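Structural features, examined
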Amino acid sequence: MSVPTFADVERAIFVDFECLLVGPERRPDPALLGVLFGSDDEQLEQVITDERLAPARVARRERTPVASASDAVGEIVAMAQVDGLRIAGWSFFDRERMIEARPDLAEAITARYVNALQVARP
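Residues numbered from 1 in each chain as written. Predicted model: local features only at pLDDT ≥ 70, side-chain atom pairs only at ≥ 80, totals over all residues. Heavy atoms only, no water.

With the rule as written, the count across this model stands at two aromatic pairs. Between the aromatic rings of Phe 92 and Tyr 113, the centroid separation amounts to 6.1 Å while the plane-to-plane angle is 45°, which identifies the pairing as tilted. Here the residue Phe 92 occupies a position in the loop between β4 (87-89) and α3 (93-101), and Tyr 113 occupies one in strand β5 (residues 113-115), the gap between them amounting to 21 residues. The partly exposed category is assigned to Phe 92, whose relative accessible area is 33%. (Phe/Tyr/Trp six-rings, centres within 6.5 Å; stacked < 30°, edge-to-face > 60°. Helix = DSSP H or I, 4+ residues; strand = E, 2+ residues; numbered from the N terminus. Buried < 20%, exposed > 50% of the residue type's maximum accessible area, 1.4 Å probe, protein only.)

What follows is the structure, given as structure tokens:
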């Protein structure tokens, strides 16, 4: 894809992983995923990606879906490809979690992902 513009990022699918640190190496393990679609009629979705947190889904009026990080990332990438959208985050941390969850989609993730700070700062 071309160098992202402000308009690209404005229409992007924003992702934000919240992780638990696991093991002696304190590896980030996705527990929750926030996904923001659109900028005008924003739609925020939250996905529980750690089965141990599944009981928390009743804390909201609208039930929070539970899905593996792999399945959630697969859906995000498919949607971005179909709609010609970028995938954005506020660092490369989320891109790395996406690639870890779906190494088979690493090329597509890398091609579509943009660190929104690189666009927002200028």
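Here the focus is the pairing of strand β2 (residues 27-37). Bridge analysis of strand β1 (residues 13-22) against β2 gives 10 bridges, and the strand direction is antiparallel. Within β2, the residue paired with Phe 14 across the bridge is Leu 36. Where β1 folds back on β2, the antiparallel hairpin that results is connected by four residues, among which Gly 23 adopts a positive phi of roughly 75°. For β2 and strand β3 (residues 43-48), the ladder comprises six bridges, and the chain directions are antiparallel. Looking at β3, one finds that Val 35 is bridged to Glu 45. (Pairing = 2+ DSSP bridges.)

Before going further, it helps to examine the pairing of β1. With two bridges connecting them, β1 and β4 associate as parallel partners. Along β4, the bridge assignment pairs Phe 14 with Ala 88.

What follows deals with the nonpolar core. Leu 33, Ile 76, Val 77, Ile 87 and Met 98 are the most contacted members of the largest nonpolar core, which totals 22 residues. Elements with a contribution of two residues or more to this core: β1, β2, α2 (69-83), α3 and α4 (106-112). Looking at which element gives the most residues to this core, the answer is α2, with six residues. Of all hydrophobic cores here, the second largest spans seven residues; its members include Val 9, Phe 14, Ala 88 and Val 114. (Core = buried A, V, L, I, M, F, W, Y, C linked by side-chain atoms within 4.5 Å.)

It is worth spelling out the environment of Ala 7 at this point. Along the chain, the position of Ala 7 falls in helix α1 (residues 6-10). A sequence separation of 112 residues divides Ala 7 from Val 119, and the C-alpha atoms of the two residues are 9.9 Å apart.

Within α3, burial applies to Asp 94, Arg 97, Met 98, Ile 99 and Ala 101. Contacts made by the buried residues of α3 are with β1, β2, α2, β4, α4 and β5. (Contact = heavy atoms within 4.5 Å.)

The next point concerns α2. Between its terminal C-alpha atoms α2 stretches 21 Å, which fits the 21 Å expected from 15 residues at 1.5 Å a residue. Along α2, the residues that are buried comprise Ala 69, Ala 72, Val 73, Gly 74, Ile 76, Val 77 and Ala 80. Tucked inside the fold, the buried residues of α2 contact β1, β2, β4, α3 and α4. Gly 84 lies just past α2 and shows a positive phi near 65°. (Expected span 1.5 Å × (residues − 1).)

Glancing now at the sheet that holds β4. Across a sheet, paired strands are connected by hydrogen bonds in the backbone, their directions being either parallel or antiparallel. What the five strands build is an open sheet, ordered β3-β2-β1-β4-β5; its pairing is mixed. In this open sheet, the two edge strands, each paired with only one partner strand, are β3 and β5. Across the sheet, the axes of successive neighbouring strands diverge by a mean angle of 30°, strand direction being ignored. On top of the sheet, α3 reaches β1, β2, β4 and β5; it is set at about 75° to β1, its chief contact. (Axes fitted to C-alpha atoms, helices over the stretch in contact; angles between N-to-C directions.)

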